[in-house]
Amino acid sequence: MLKYTTGTTSRLMSHSKIYSLKGGSRSISPLLQKRHASTKSIRTQSLPPSASVDILNKQRLLRPTSPHLAIYKPQLTSVLSIGNRGVGGALSVLLYGSSIAYLFFPGTFDGDYLIELASGLPDYVKYTAKTILAAPLAFHALNGIRHLFWDVGKFMTLRGVYQTGYAVLAGTAVSTIVLVLL
């Protein structure tokens with residue numbers, strides 16, 4: 001067997017395939033002649049920079065787009081992770097927004113004014129507003145506790161991750177109900 005290298009690939013071929021004996025002398029077989037004889041000529045032309053950008057943009061339009069999120073089945077782990085980040089961002093916006101509003105309009109967001117405003121609302125509006133505030137707060141707090149367990153190396157198995165995920169969902173439901181009924 002003889003090892004030969006072409007480009008970056010190495011191949012082993014028997015002597016009979018590489019060389020053929022003609023009249024006692026060795027010559028390259030038709031297999032290798034065919035492989036090495038086929039060279040393509042490439043024509044190039046010089047283009048201004050604007051034309052090359054146009055060609056590149058046309059090529060990009062013909063490329064298929066990656067399906068990214070559409071091909072994945074939603075899992076508890078991914079949904080809770082995305083939810084935790086979204087809820088954390090929303091709670092931050094609420095906190096900073098109300099702080100800035102109180103800073104610029106202190107009389108409008110005074111505690112006495114807010115209590116008077118809330119007491120005049122119908123009960124279903126109060127419970128709805130409490131639920132809208134309590135559910136994300138409970139979810140984010142319980143998910144934060146879950147992450148603290150992970151930081152110390154607890155519940156790191158797939159089973160443990162799913163158990164704590166379901167515990168966060170159940171705890172969120174119970175905590176929300178308790179907070180709304182206060």
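Residues numbered from 1 in each chain as written. Predicted model: local features only at pLDDT ≥ 70, side-chain atom pairs only at ≥ 80, totals over all residues. Heavy atoms only, no water.

S.K.: Could you clarify how one ought to interpret the overall build of the chain in this entry?
M.R.: Regarding its fold elements, the chain presents 7 helices and 4 strands. Listed by position from the N terminus, the elements making up the chain come as β-β-α-β-β-α-α-α-α-α-α. Burial statistics for the chain: of 182 residues in total, 14% are counted as buried. Of the contacts made within the chain by residues no fewer than 6 positions apart, 53% connect residues no fewer than 24 positions apart. (Helix = DSSP H or I, 4+ residues; strand = E, 2+ residues; numbered from the N terminus. Buried < 20%, exposed > 50% of the residue type's maximum accessible area, 1.4 Å probe, protein only. Contact = heavy atoms within 4.5 Å.)

S.K.: Explanation requested: the layout of surface pockets in the structure shown.
M.R.: Which parts of space are left empty comes out when a probe the size of a water molecule is rolled across the atoms. Space inside the largest pocket adds up to approximately 190 Å³. If you go around the largest pocket, the residues you meet are L94, S98, L114, L117, A118, L121 and L133. Breaking the lining of the largest pocket down by element, the ones donating at least two residues are α4 (76-104) and α5 (111-119). Along the lines of polarity and charge, the residues of the lining of the largest pocket split into 6 nonpolar, 1 polar and no charged. For the second largest pocket, the calculated volume is near 150 Å³. (1 Å grid on protein atoms, 1.4 Å probe; cavity = no way out; pocket = protein on both sides within 12 Å on 5 of 7 lines; lining within 4 Å. Points joined across faces, edges and corners; volume = space filled by probe spheres on them. Nonpolar A, V, L, I, M, F, W, Y, C, P; charged D, E, K, R; others polar.)

S.K.: Where do I start with the UniProt feature "transmembrane region" (unreviewed entry) in the chain in this structure?
M.R.: In the numbering used here, UniProt assigns the feature "transmembrane region" (unreviewed entry) to residues 87-107 and 161-181. Strand forms 0% of residues 87-107 and helix 86%; the C-alpha atoms that close the span are 29 Å apart. (UniProt positions renumbered as here; feature names shortened; annotations may be inferred.)

S.K.: I keep staring at the confidence of the model for the chain and nothing clicks. Help me out?
M.R.: In regions of low pLDDT, the predicted coordinates are not meant to be interpreted in detail. When the pLDDT values of the chain are averaged, the result is 82; 78% of them are 70 or greater. For residues 1-23, every residue scores under 50 in pLDDT, and the model assigns this stretch 38 contacts once sequence neighbours within four places are set aside. (pLDDT = per-residue confidence, 0-100.)

S.K.: What is the right way to look at a nonpolar patch on the surface in this model?
M.R.: On the surface, L95, Y96, I100, Y102, L103, F104, F105, F109, Y113, L114 and L117 cluster together to form a nonpolar patch covering roughly 1200 Å² of accessible area. Elements represented by at least two residues in the nonpolar patch include exactly α4 and α5. Among the elements that line the nonpolar patch, the one with the most residues is α4, at 6 residues. Summarising the element assignment, F105 is placed in the loop between α4 and α5. (Patch = residues over 30% accessible without salt bridge, like charges linked within 9 Å, V, L, I, M, F, W, Y side chains within 5 Å. Areas by Shrake-Rupley, 256 points an atom, 1.4 Å probe, with all protein chains shown as cover. Salt bridge = Lys/Arg side-chain N within 4 Å of Asp/Glu carboxyl O.)

S.K.: Can you walk me through the packing of aromatic side chains in this structure?
M.R.: Centre distance and the angle of the planes are the two values used to describe a pair of aromatic rings. In the structure shown here, the tally under the stated rule is 2 aromatic pairs. Where F149 meets F155, the ring centres are 5.5 Å apart and the plane angle is 85°; that geometry is what we call edge-to-face. On the basis of an interplanar angle of 40° and a centroid distance of 6.5 Å, the ring pair of Y162 and Y166 is categorised as tilted. Taken together, the residues Y162 and Y166, both in helix α7 (residues 158-181) and 4 residues apart, mark about one turn of the helix. (Phe/Tyr/Trp six-rings, centres within 6.5 Å; stacked < 30°, edge-to-face > 60°.)

S.K.: Any chance you could explain the nonpolar core here in plain terms?
M.R.: Side chains of a nonpolar character, in soluble globular proteins, are inclined to be buried together. Listed in full, the 5 residues of the largest apolar core are L76, L80, V87, F139 and V168. Of all the elements, α4 adds the most residues to this core, at 3 residues. Not counting the four nearest positions on each side in its chain, V168 is found in contact with F139, L142, N143 and R146. (Core = buried A, V, L, I, M, F, W, Y, C linked by side-chain atoms within 4.5 Å.)

S.K.: What exactly am I supposed to notice about unusual backbone geometry here?
M.R.: Only a minority of non-glycine residues have a phi that is not negative, and only a minority of peptide bonds are not trans. With a phi close to 60°, F155 is a non-glycine residue in the positive phi region. As for its placement among the helices and strands, F155 is situated in the loop between α6 (123-151) and α7.

S.K.: Would you mind showing me how to read the side chain of T176 here?
M.R.: Position of T176 among the secondary structure elements: in helix α7. On the basis of relative accessible area, T176 is assigned to the buried category, the value being 11%.

S.K.: I would appreciate a short explanation of the packing of α4 against α7 in the present structure.
M.R.: Any two packed helices are characterised by how steeply their axes cross, that is the angle between the axes, and by the distance between the axes. The N-to-C vectors of α4 and α7 enclose an angle of 50°; their axes lie 10 Å apart at closest approach. With respect to their mutual orientation, α4 and α7 come out oblique. Between α4 and α7 lies a crossing of left-handed hand. Of α7, the residues touching α4 (which contributes L76, T77 and L80) are V161, Y162, G165, Y166 and L169. Tallied by class, the residues present in the contact of α4 with α7 amount to 6 nonpolar, 2 polar and no charged. (Axes fitted to C-alpha atoms, helices over the stretch in contact; angles between N-to-C directions. Parallel < 35°, antiparallel > 145°, perpendicular 65-115°, else oblique. Left-handed = near helix turned anticlockwise from the far one by under 90°.)

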